[in-house]
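Per-entry structural report
If you want the building blocks of each chain, they are given just below.
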Amino acid sequence: MSHVITGGAIVGGVCGQPITHSMSPVIHNAWIAAAGLDAAYVPFAPAAERFETFVDGLRGGAMRGLNVTIPFKERALAVADTASDLARMAGAANLLMFGEDGRVHADNTDGPGLLGAIAIQAPSFDVTTAPVVILGAGGAARGAVAALLLAGAPRIAVVNRTVARAQELADTFGEKVVAKGEDALPALLPEAGLIINATSLGLGGGAGPAADLTLTPNTAVVMDMVYKPLRTEFLRRAEAAGRLTVDGLEMLLRQAMPTFEAIYGQAPSPSVDVRALALKRLGEV
Ligand code: NAP
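Residues numbered from 1 in each chain as written. Predicted model: local features only at pLDDT ≥ 70, side-chain atom pairs only at ≥ 80, totals over all residues. Heavy atoms only, no water.

Turning our attention to unusual backbone geometry. Residue Gln-17 is joined to Pro-18 through a cis peptide bond whose omega torsion reads 10 degrees. The peptide bond linking Lys-228 to Pro-229 adopts the cis configuration, its omega dihedral lying at 5 degrees. Following the sequence through the fold, Pro-229 ends up in the loop between β11 (221–224) and α9 (233–240). (Helix = DSSP H or I, 4+ residues; strand = E, 2+ residues; numbered from the N terminus.)

The structure is reproduced here in structure tokens:
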């Protein structure tokens with residue numbers, strides 16, 4: 001039976017600039033169809049200077065929840081009336097929920113997505129014991145630091161090309177988080193339990209961060225937030241060194257799960273192979 005949308009449909013969506021290549025509409029609409037929900041999930045690309053106007057327009061009751069992606073995540077937090085601890089700590093929101101009273105609540109499911117991906121692809125990894133090295137100090141790195149600290153990470157080194165940016169990030173989190181330049185990697189990697197690429201290096205098939213992954217302990221887990229291509233050069237180097245790897249696509253899928261539940265009021269059906277759908281869209285199969 002085809003998917004029917006009535007006047008009572010629950011509407012969710014995603015906004016970003018650009019939004020054409022977003023995987024979220026494919027994922028959420030597959031879950032909607034599988035559950036036979038009277039619902040829709042639609043993409044929007046508001047003009048960059050009118051993001052706040054766009055969100056304010058939704059306060060009238062147009063939509064239950066809205067995912068927000070690059071470049072609007074920080075502004076999404078600022079435009080909201082209330083925010084979760086995670087969104088506040090991350091300094092960014094990837095989900096805005098609209099109340100019946102017109103108020104907007106900001107949340108961040110990127111962090112749970114990161115932890116969920118690690119739990120699935122590196123289940124033996126214990127976040128409470130091992131030092132973490134995060135490469136990059138942008139929005140994705142900040143969200144990762146927030147989620148890992150809340151999950152009990154004992155120590156996080158944020159390594160960035162622009163050390164001042166890493167320092168600014170570390171300063172907002174306190175003593176468990178330190179800022180380092182790339183020259184500190186040979187000293188940091190032999191102690192690291194988890195290494196995460198949160199830079200944009202490797203996107204589109206280029207070389208990943210220059211970190212020598214053979215310096216890491218045999219038990220270290222290596223994650224790449226970049227998922228185009230799925231097996232980035234960074235992950236391939238980690239595999240060649242014999243390290244367990246976690247890919248960015250799993251993070252994307254895992255952030256979508258709590259988002260779907262928040263908007264549509266039920267967990268997504270495990271019967272839909274969204275990873276296969278996403279891989280097909282990425283041209284990986
Ligand atoms: P961002 O705010 O633009 O930060 C980019 C980071 O990459 C900065 O730390 C930047 O260093 C670093 N960088 C860029 N070019 C570099 C180079 N040539 N050499 C060394 N460092 C370089 O981006 P973001 O929002 O944090 O996103 C980072 C990546 O995570 C993106 O690829 C994004 O697609 C991915 N991501 C994935 C997911 C997922 O669900 N899998 C979710 C969120 C983000 P400087 O500060 O020195 O410029």
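And the narrative resumes.
Gaps left between atoms show up when a probe the size of a water molecule is rolled over them. Of the pockets and cavities examined, the second largest pocket occupies roughly 190 Å³. As for the second largest pocket, its lining consists of Ala-9, Val-11, Arg-59, Gly-60, Gly-61, Ala-62, Met-63, Arg-64, Phe-98, Gly-99 and Glu-100. Its residues placed into classes, the lining of the second largest pocket shows five nonpolar, three polar and three charged. (1 Å grid on protein atoms, 1.4 Å probe; cavity = no way out; pocket = protein on both sides within 12 Å on 5 of 7 lines; lining within 4 Å. Points joined across faces, edges and corners; volume = space filled by probe spheres on them. Nonpolar A, V, L, I, M, F, W, Y, C, P; charged D, E, K, R; others polar.)

Applying the stated rule across the entire model yields four aromatic pairs. Between Phe-44 and Phe-54 the ring centres are 5.3 Å apart and the planes differ by 55 degrees, which places this aromatic pair in the tilted class. Placement of the pair is Phe-44 in strand β2 (residues 39–44) and Phe-54 in helix α2 (residues 51–58), with a sequence separation of 10 residues. With a centroid separation of 4.8 Å and an interplanar angle of 45 degrees, the aromatic rings of Phe-260 and Tyr-264 are classed as tilted. Linking Phe-260 with Tyr-264, this pair stays in helix α10 (residues 248–264), spanning four residues, or about one helical turn. A relative accessible area of 1% means that Phe-260 is categorised as buried. Residue Tyr-264 is classed as buried on the basis of its relative accessible area, which comes to 4%. (Phe/Tyr/Trp six-rings, centres within 6.5 Å; stacked < 30°, edge-to-face > 60°. Buried < 20%, exposed > 50% of the residue type's maximum accessible area, 1.4 Å probe, protein only.)

What follows is about the UniProt feature "binding site: shikimate" (unreviewed entry) in the chain. UniProt feature "binding site: shikimate" (unreviewed entry): in the numbering of this structure it lies at Ser-22, Met-23, Ser-24, Thr-69, Asn-94, Asp-110, Tyr-227 and Gln-255. Checked against the element boundaries, Thr-69 lands in the loop between β3 (65–68) and α3 (73–79). Thr-69 gets classed as partly exposed once you look at its relative accessible area, which sits at 26%. Apart from the residues within four sequence positions on either side, Thr-69 is in contact with Val-14, Cys-15, Gly-16 and Ile-19. Tracing the chain through its elements places Asp-110 in helix α5 (residues 110–121). Filtering out sequence-adjacent residues up to four positions away, Asp-110 remains in contact with Lys-73, Asn-94, Met-251 and Gln-255. Reaching out from Asp-110, the side chain makes a polar contact with the side chain of Asn-94 at a distance of 3.3 Å. (UniProt positions renumbered as here; feature names shortened; annotations may be inferred. Contact = heavy atoms within 4.5 Å. Polar contact = N/O pair within 3.5 Å; in protein donor to acceptor, adjacent residues only side chain to side chain.)

A few words on the site of the ligand. Surveying the vicinity of the ligand reveals 20 residues, the closest of which are Ala-137, Ala-140, Asn-160, Arg-161 and Thr-162. In the model, an oxygen atom of the ligand is placed 2.9 Å from a nitrogen or oxygen of the Ala-137 main chain. Here the element with the most residues in the shell around the ligand is α10; it accounts for three residues. Looking at the shell around the ligand residue by residue, the classes come out as nine nonpolar, eight polar and three charged. (Near = heavy atom within 4 Å.)

Interaxial distance between α10 and helix α11 (residues 274–281) falls to 11 Å at its minimum, and their mutual angle equals 125 degrees. Between α10 and α11, the interaxial angle falls into the category oblique. For the crossing formed where α10 meets α11, the hand is right-handed. Seen from α10, the contacting residues are Leu-249, Glu-250 and Leu-253; seen from α11, they are Val-274, Arg-275, Ala-278 and Leu-279. Residues belonging to the contact of α10 with α11 are distributed by class as follows: five nonpolar, no polar and two charged. (Axes fitted to C-alpha atoms, helices over the stretch in contact; angles between N-to-C directions. Parallel < 35°, antiparallel > 145°, perpendicular 65-115°, else oblique. Left-handed = near helix turned anticlockwise from the far one by under 90°.)

With that out of the way, let us pick up the pairing of strand β1 (residues 10–15). Burial analysis of β1 places five of its six residues in the buried class, which makes it a mostly covered element. Across six bridges, β1 lies against β2 in parallel orientation. Following the sheet pairing, Val-11 is matched in β2 by Ala-40. Taken together, β1, helix α1 (residues 24–35) and β2 constitute a β-α-β crossover, and its handedness is right-handed. With four bridges joining them, β1 and β3 adopt parallel strand pairing. Looking at β3, one finds that Cys-15 is bridged to Val-68. (Pairing = 2+ DSSP bridges. Right-handed = clockwise from strand over helix to strand, strands pointing away.)

Another aspect to go through is the nonpolar core. Core analysis: the largest hydrophobic core is formed by 36 residues, its most contacted members being Leu-114, Ile-134, Val-145, Leu-148, Ile-156 and Ile-196. Per-element accounting of this core gives the leading share, seven residues, to helix α6 (residues 139–150). A domain-level breakdown of this core finds at least three residues from each of domain 1 (10–108 + 250–281) and domain 2 (111–246). Formed by 26 residues, the second largest nonpolar core is a distinct cluster that contains Ile-10, Tyr-41, Ile-263 and Ala-278. (Core = buried A, V, L, I, M, F, W, Y, C linked by side-chain atoms within 4.5 Å. Domains from an automatic or database assignment.)

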